[in-house]
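Commentary on secondary and tertiary structure
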Amino acid sequence: MAIEDNPESRVSYGKELRSRREAAGFTQEQLSQRAILSRTHIAHMEAGRRTPSEEDAQRLDEVLGTGGFFVRFLPTLGDARNVAEHFEVAAEFEKQATVIRQYAPKLIPGLLQTEAYAREVLSSGFPPKGDEERDELLVTRLDRARILDNFESPVLWVLLDEAVLRRPIGGPAVMAEQLRHVVGFGERRRVRVHVHPYTAGYHALLEGLVSLMWFEDLPPIAYTEGLKSGRVWEIPSVVRGCQVAYDHALGDALSHRESLDLIRSVAEEYEHEAQ
């Protein structure tokens, strides 16, 4: 089983990092240059929003002369998530974001997946997973969606490629339930949903998944993902480029109301097929 996440320890880690950085006479920018980490990366760690990797901790110890303190501190932070390694950092950010805007080219985003849909996705990956591993991953994925229990935060916008609606993951009954689930969020105004239709042709985000996140007191980030790979972007120019690409794609998408109508229609088709 995964070790439970320890947010309080992350905050303590961040406070200790800030204290030792200031004691060494470094600004965040100066530490970032010496430790070969971005200033934003360090800001997120100091705010308790991001768990450093072992390599990060080693660099901090070396630059700050802390004798391995930050590496030894790592086990107390825990590892909250049975998620793909390339998604671990993004998963941490996701829980702290005040605004999330996602583009999904192939699958319903994890935050909106039903149990049946998620189980099918996790069962169909390669290499194959045993039932116990799959179930642990399933629990983690469903638990991620608890951030939507609070109506106020995060504000979630989801841009779905029409292919997401048409790909019958798990069969017609599973898809009908899944699409009704998305519609339910949209009808309650909890999630703003847009569908990018086939008829719109090529658009700026077509090549892969993009997730944009904003925070109350830290710079925004972008997360992009491909086959068994993903990356969190903190460089302002790159983040802004992803935001502009999202805005361009959104401009060619159906309105929220039109999108919900289309999703309902496709759900009805699956329901008829399942009878």
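Please refer to the structure higher up on the page.
My aim in this report is to walk through the structure given alongside it, one point at a time. All figures in this text were calculated on a predicted structure; none of them were measured in a lab. (Residues numbered from 1 in each chain as written. Predicted model: local features only at pLDDT ≥ 70, side-chain atom pairs only at ≥ 80, totals over all residues. Heavy atoms only, no water.)

**Some points on the pattern of salt bridges**
Quick note on the threshold: Salt bridge criterion: a side-chain nitrogen from Lys or Arg within 4 Å of a carboxyl oxygen from Asp or Glu. Secondary structure elements follow DSSP: runs of H or I no shorter than four residues count as helices, runs of E no shorter than two count as strands, and numbering proceeds from the N terminus. When a residue's accessible area, from a 1.4 Å probe over protein chains only, is under 20% of the maximum for its type it is buried; when over 50% it is exposed; and in between it is partly exposed.
Scanning the entire structure with this criterion turns up 14 salt bridges. Across the salt bridge formed by Glu94 and Arg144, the nearest N and O atoms sit 2.8 Å from each other. Linking Glu94 in helix 6 (residues 88-96) with Arg144 in helix 8 (residues 131-144), this pair joins segments that are 50 residues apart in sequence. Like Glu94, the residue Arg144 is buried in the burial classification.

**Describing the packing of aromatic side chains**
By convention here, two paired aromatic rings are described through the distance between centres and the angle between planes. Convention followed: Each aromatic pair joins two rings of Phe, Tyr and Trp (for Trp, the six-membered one) with centres within 6.5 Å, and gets the label stacked for planes under 30 degrees apart, edge-to-face for over 60, and tilted for any other angle.
As enumerated under the stated definition, the model contains three aromatic pairs in all. Ring geometry for Phe87 and Tyr223: centres 5.4 Å apart, planes at 65°, overall edge-to-face. Of the two residues, Phe87 sits in the loop between helix 5 (69-73) and helix 6 while Tyr223 sits in strand 5 (residues 221-226), which places them 136 residues apart along the sequence. The burial state of Phe87 is the same as that of Tyr223; both residues are buried.

**A word on the pairing of strand 5**
To keep things clear, this is the line we draw: The criterion for strand pairing is that DSSP finds at least two bridges linking the strands in question.
For strand 4 (residues 209-214) and strand 5, the ladder comprises five bridges, and the chain directions are antiparallel. Looking across to strand 5, one finds that Met213 is bridged to Ile221. The antiparallel hairpin formed by strand 4 and strand 5 contains six residues in its connecting segment. Relative to strand 6 (residues 229-233), strand 5 is paired through five bridges, and the arrangement is antiparallel. Of the residues in strand 6, the one forming a bridge with Thr224 is Arg231.

**A look at the sheet that holds strand 6**
The line we're drawing: To define axes, lines are fitted to C-alpha atoms, for helices over the stretch in contact only, and angles between the resulting N-to-C directions are given on a 0 to 180 degree scale. Should any heavy atoms of two residues lie within 4.5 Å, those residues are considered in contact.
The strand order across the open sheet formed by six strands is 3-2-1-4-5-6, and the pairing between neighbours is mixed. Two strands bound the open sheet, and with one partner strand each, they are strand 3 (191-196) and strand 6. With direction set aside, neighbouring strand axes in the sheet form an average angle of 10°. Of the strands in this sheet, strand 1 (99-104), strand 2 (155-161), strand 3, strand 4, strand 5 and strand 6 touch helix 11 (residues 236-251), which is tilted by about 65° from strand 2.

Such coordinate-based values are descriptive only and should not be taken to indicate function.
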